[in-house]
Amino acid sequence: MSALRRLNALLLASCCAVVTTHAIAANPAKDKAPKRNVILFVADGLRPGSVNATDAPTLLALREVGVRFINSHALFPTFTTANASAMATGHLLGDTGDFSNTIFTGYPLYDTGAFGFLPGTVTPFIENNQVLTDLNSHFDGDYLNEETLLQLARQQGYNTASVGKVGPVAIQDVAQLTLAGNAIAVPQTVFIDDATGGAAGIPLRADIQAALTAAGLPLVSPNRSNGCAPTAQCSNGFSGNNQTPGTTSPNVVQQQFFTDAFTKAVLPTFVQNGKPFAAVFWSRDPDGTQHNQGDSLNSLTPGINGPTSRAAVNNADNNLQQILAFVYANPRLAETTDIFITSDHGFATISHHEVDANGGVANSYATQFVYKDLTGRTEVNPGFLPVGFLAIDIAHALNLPLYDPDSQIAGVSGGKVYEPVDPTALQQTATVRQCPASGNGLIGASGQILEQTDAKVVVAANGGSDLIYVPDGNSARIRQVVRFLNQQNYTGAIFVDDVYGPIPGALPLRSIGLVGTARTPRPTIAISFKTFYLPKGDLQSAVQIADSGLQEGQGMHGSLGRDNTYNNMAAIGPDFKNFFVDKAPASNADVARTLAYILGLRFDDEGALKGRVLREALRGGDNDGEVERKRLVSAEGPSDKSTVLLYQKLGSRLYFDEACQADVKAGEDNPCR
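Residues numbered from 1 in each chain as written. Predicted model: local features only at pLDDT ≥ 70, side-chain atom pairs only at ≥ 80, totals over all residues. Heavy atoms only, no water.

1. Thoughts on the nonpolar core
Formed by 87 residues in total, the largest nonpolar core has its most connected members in Phe69, Tyr143, Phe340 and Phe495. The leading source of residues in this core is helix H16 (residues 589–599), at eight residues. Discounting residues that sit within four places of it in the chain, Tyr143 has contacts with Thr96, Asp98, Ile126, Leu132, Leu135, Asn136, Ile171, Val174, Arg519 and Thr520. Counting 42 residues, the second largest nonpolar core, distinct from the first, contains Leu60, Leu204, Ile208 and Phe277. (Core = buried A, V, L, I, M, F, W, Y, C linked by side-chain atoms within 4.5 Å. Buried < 20%, exposed > 50% of the residue type's maximum accessible area, 1.4 Å probe, protein only. Helix = DSSP H or I, 4+ residues; strand = E, 2+ residues; numbered from the N terminus. Contact = heavy atoms within 4.5 Å.)

In structure tokens form, the structure reads like this:
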């Protein structure tokens with residue numbers, strides 16, 4: 001019998017046993033049935049089209065036997081921490097304020113000296129426990145401004161755990177990240193991630209330390225090297241450069257540790273103490289491998305569809321199989337445990353040069369220069385977009401100086417200042433960069449590290465989309481930036497804060513759920529970069545322009561293409577239907593709402609941008625109403641193109657499919673594909 005057939009038989013037997021034991025109503029909290037457990041399994045960056053019998057037999061069997069969501073959605077910007085915040089709270093990003101992986105905080109990180117650090121960047125990458133702790137400290141103890149599912153469960157006496165990729169793991173109960181001196185305090189929720197056991201790690205409870213030791217597991221997480229040298233292709237953390245291919249190995253060693261810790265220490269501890277649990281397992285694969293893969297250097301094919309990416313899908317599938325084996329080995333546990341599968345976003349192959357399938361290439365100001373590193377090596381292929389191209393282009397268009405918020409140098413009068421960026425320099429030096437280190441930019445600033453930046457424009461670079469902030473709210477400058485963006489051939493879609501009124505070529509931020517009760521600064525402009533397909537319409541072949549230091553042919557996400565918003569989603573367990581294909585729109589903001597409903601927990605919401613309970617997928621549940629497919633079009637910009645947004649509406653809930661810049665006079669129903 002094949003692995004797929006064996007797993008199908010196992011899942012089917014488990015489902016049938018559960019059905020026989022519990023013919024439950026839609027809300028088990030109202031029943032006399034035993035309290036439920038829930039496991040959320042996130043396969044970071046998994047595309048539905050990558051699930052097949054060869055690479056992902058477990059995932060395939062689960063969605064065939066349980067509920068398969070065929071109209072699922074990630075939230076835009078389609079990045080990890082943004083969607084992690086939605087999964088955790090059941091809110092859209094306008095409420096959580098986690099607008100992307102890199103955001104503008106409005107203050108220099110560590111301005112209070114947290115962790116003994118000096119004030120730093122105003123555009124931090126927030127997949128980091130210390131960054132998240134500092135954000136919490138600055139924004140009244142909880143930067144999300146909303147309760148999370150694990151927080152609710154913990155407060156109601158549940159065991160809670162979050163295991164896997166650093167950053168999104170902590171976000172699942174981020175209120176637990178508090179300072180104790182210059183370290184993170186020991187939390188009640190169990191966190192195990194890349195940083196566990198290190199200086200930036202979240203401490204473990206004594207009972208979990210003992211359980212790990214008893215299981216023969218270390219108290220320090222392995223890194224992504226797979227035991228190889230940092231620059232060897234067998235190291236999953238090796239991304240290469242424009243002349244050297246990246247990794248050819250998935251993240252096997254680190255994820256096996258996480259899976260063993262979850263199934264041999266964390267869950268057994270929970271089962272032994274007899275309390276129900278809510279747990280999250282966040283698999284870095286296939287995301288991390290798709291980013292760094294070396295199968296397609298400087299080529300759009302096979303892109304992220306090569307053997308290394310496929311092996312990463314299989315790696316995540318094996319992790320899930322081990323978790324399911326633990327649950328289904330205990331009939332009582334199987335009868336009381338619901339398992340929800342999702343991915344935070346889809347994926348695409350990076351282009352730094354081509355902008356369409358017809359040979360068009362990027363031709364902006366930033367493409368005109370030769371970029372050399374400190375050694376004089378050309379680090380960007382001639383004519384290609386460098387990391388930070390958007391900041392470079394906007395600074396040039398506004399005729400303003402550019403500084404790198406992530407790189408500090410000694411100032412003339414002592415102390416530190418942000419390093420200037422000048423693409424016309426002959427090469428990078430110790431005192432000037434040709435492009436920003438991570439793509440972020442302070443435009444029109446003095447370079448001083450101030451309590452509040454004096455930059456006229458701040459660019460937070462993220463990959464398939466960037467966020468642009470105009471701290472002083474200068475309306476004329478905002479319109480100038482939007483006009484510039486509308487004329488670039490790498491632009492996919494433009495959204496502008498509603499307070500500045502209609503602007504030709506752009507739609508309002510509110511139309512994509514980015515205006516709510518967030519505590520963090522709201523972006524003034526969100527730009528999604530161009531997406532195209534090889535062949536046309538094939539989501540698995542998607543290519544996107546990306547503001548990233550990764551190479552053409554490697555992987556990225558973040559855009560508002562359907563290839564990025566279409567995520568893999570499925571569910572199985574005593575409260576979910578069997579063999580059910582859910583055609584209704586669903587999103588990552590619906591996950592926490594549904595699991596909280598199953599557990600009988602109620603959120604105390606601050607904002608109104610909420611997901612829904614996926615009732616149609618639950619036993620005894622009915623459809624939530626009729627789905628409307630809608631299209632929103634901006635006024636034409638100076639390029640004669642409008643931003644077009646395609647979305648679905650179910651009741652009051654909106655689900656965003658895709659958006660692009662298009663000439664709507666052409667009359668296409670879907671100009672984005």
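Alright, that's what it looks like, and here's the rest.
2. Some points on the environment of Asp466
Along the chain, Asp466 turns up in strand S15 (residues 465–469). Each C-alpha atom, one on Asp466 and one on Thr349, is 17 Å from the other, the two residues being 117 residues apart in sequence. Residues contacting Asp466, with those up to four places away along its chain left out, are Leu390, Val459, Ala460, Ala461, Ile525, Ala526, Ile527, Phe529 and Asp547. In terms of polar contacts, Asp466 uses its side chain to reach the backbone amide nitrogen of Asn462, at 2.9 Å. (Polar contact = N/O pair within 3.5 Å; in protein donor to acceptor, adjacent residues only side chain to side chain.)

3. Some remarks on the state of the cysteines
For the structure shown, the criterion picks out two disulfides. Put simply, Cys228 and Cys234 are joined by a disulfide, and their sulfur atoms are 2.1 Å apart. An S-S torsion of about -130 degrees defines the bridge between Cys228 and Cys234 as left-handed. Each disulfide pairs two cysteine sulfurs, and for Cys660 the partner residue is Cys672, the sulfurs being separated by 2.3 Å. The S-S bond linking Cys660 to Cys672 shows a torsion near -80 degrees; that makes this disulfide left-handed. Here Cys672 lies in the segment after strand S27 (653–662) and Cys660 lies in strand S27, a separation of 12 residues in the sequence. In this structure Cys660 comes out as buried when scored by relative accessible area, which is 10%. Classification of Cys672 as buried rests on a relative accessible area of 11%. (Disulfide = S-S within 2.5 Å.)

4. Here's the deal with the pattern of salt bridges
This structure, assessed with the given rule, holds 23 salt bridges. When the shortest N-O distance is used, the salt bridge between Lys630 and Glu628 registers 3.7 Å. With a relative accessible area of 31%, Lys630 lands in the partly exposed category. Asp663 serves as the salt-bridge partner of Lys665, at 3.2 Å between the closest nitrogen and oxygen. (Salt bridge = Lys/Arg side-chain N within 4 Å of Asp/Glu carboxyl O.)

5. Remarks on the packing of aromatic side chains
Throughout the structure, instances matching the rule amount to 17 aromatic pairs. Judged by centre distance (4.9 Å) and plane angle (65 degrees), the rings of Phe389 and Tyr490 are edge-to-face. Here Tyr490 lies in the loop between helix H14 (475–486) and strand S16 (491–496) and Phe389 lies in helix H13 (residues 389–398), a separation of 101 residues in the sequence. Across this residue pair, the class does not change: Phe389 and Tyr490 are buried. (Phe/Tyr/Trp six-rings, centres within 6.5 Å; stacked < 30°, edge-to-face > 60°.)

6. Re the sheet that holds S27
Across the sheet, which stays open at both edges, the three strands sit in the order S25-S26-S27 with antiparallel pairing between neighbours. On the outer flanks of this sheet lie strand S25 (627–633) and S27, each paired with one strand and no other. Across the sheet, the mean angle from the axis of one strand to that of its neighbour is 20 degrees, orientation sign disregarded. Taken together, the nine bridges between strand S26 (residues 642–650) and S27 define a ladder with antiparallel strand orientation. Directly across from Leu650, in S27, lies its bridge partner Arg653. (Pairing = 2+ DSSP bridges. Axes fitted to C-alpha atoms, helices over the stretch in contact; angles between N-to-C directions.)

7. Some words on the environment of Arg477
By the secondary structure assignment, Arg477 is in helix H14. Distance in space between the C-alpha atoms of Arg477 and Phe529 is 21 Å, their sequence separation being 52 residues. If sequence neighbours within four positions are ignored, Arg477 has contacts with Leu398, Lys456, Val457 and Asp472.

8. Quick notes on the side chain of Asn37
Summarising the element assignment, Asn37 is placed in strand S1 (residues 37–43). With a relative accessible area of 5%, Asn37 lands in the buried category. Apart from residues lying up to four places away in sequence, Asn37 is in contact with Pro276, Phe277, Leu333, Thr336, Thr337 and Asp338.

9. Focus: helix H8 (residues 206–214)
Taken residue by residue, H8 has Ile208, Ala211 and Leu212 as its buried positions. Axial view of H8: buried residues confined to an arc of 100 degrees, hence all on one face. Exposed residues on H8 whose side chains face more than 90 degrees from its buried face are Ala206 and Ala214. For H8, the elements touching its buried residues are strand S7 (190–193) and helix H9 (252–273). (Arc of directions from axis to C-beta.)

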